[in-house]
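# Geometric and topological summary
If you want the building blocks of each chain, they are given just below.
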Amino acid sequence: MEPVAHLIKVSVPNYLSDLPIPDSIGGWFRLGVKDWLSLIPPTAVLAGIGYMSYVAFCPKARKSNQVNRTINKNNPKVVDMVDVEDITEKTVFCRCWKSQNWPYCDGAHGKHNQCTGDNVGPLVITKK
Ligand code: FES
């Protein structure tokens with residue numbers, strides 16, 4: 001535990017106090033290349049912490065990771081049942097979650113693939 005305590009109580013404060021942070025706005029313009037380079041690591045760490053906090057606590061950021069953005073969003077889980085008897089000679093099911101005719105494919109995967117470079121497509125079930 002002592003190395004962690006030393007890191008928090010001594011090493012980090014010493015490192016931060018040695019950073020060339022100016023006392024005025026004009027001081028930022030007088031920083032040299034070496035000063036700016038020394039500010040990159042702590043800036044990267046702060047940016048990383050900020051980004052991880054944003055992803056962890058912002059509902060909008062979490063939503064951007066969701067595959068399903070529009071279909072039955074008021075349900076905790078989207079489950080669809082299709083009777084085998086209802087399947088015609090050929091039934092095409094959506095697997096991209098973009099269809100306006102869920103659970104059937106309406107071709108929206110084509111636009112999605114074109115915009116994102118993805119390669120998703122439908123599930124096609126045929127009768128023999
Ligand atoms: S619209 Fe989703 S797979 Fe075709």
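Use the structure listed above.
Notes on the structure in this doc start here.

On to helix α5 (residues 108-116), then. Listing the buried residues of α5 in full gives His109, His112 and Asn113. Seen from one end, α5 has its buried residues packed into an arc of 100°, which puts them on one side. Opposite its buried face, α5 presents the exposed residues Lys111, Gln114 and Cys115, each directed more than 90 degrees away. Phi turns positive one or two residues past the end of α5, at Gly117, with a value near 80°.

Okay, the packing of aromatic side chains next. Inspection of every chain in the model, using the stated rule, returns 3 aromatic pairs. Ring centres of Trp28 and Trp36 lie 5.8 Å apart, and the angle between their planes is 40°; this geometry places the pair in the tilted category. Exposure remark for Trp28: the relative accessible area of 34% places this residue in the partly exposed category. A relative accessible area of 41% means that Trp36 is categorised as partly exposed.

Relative to the elements of secondary structure, Asn65 occurs in the loop between α4 (59-64) and β1 (90-93). Residue classification places Asn65 among the exposed positions, given a relative accessible area of 59%. Sequence separation between Asn65 and Leu19 is 46 residues; the distance between their C-alpha atoms is 36 Å.

Mapped onto the secondary structure, Asn68 falls in the loop between α4 and β1. In this structure Asn68 touches Lys73, Val78 and Trp97, once residues within four positions along its chain are discounted.

Reading the values: rules and limits
Residues numbered from 1 in each chain as written. Predicted model: local features only at pLDDT ≥ 70, side-chain atom pairs only at ≥ 80, totals over all residues. Heavy atoms only, no water. Buried < 20%, exposed > 50% of the residue type's maximum accessible area, 1.4 Å probe, protein only. Helix = DSSP H or I, 4+ residues; strand = E, 2+ residues; numbered from the N terminus. Arc of directions from axis to C-beta. Phe/Tyr/Trp six-rings, centres within 6.5 Å; stacked < 30°, edge-to-face > 60°. Contact = heavy atoms within 4.5 Å.

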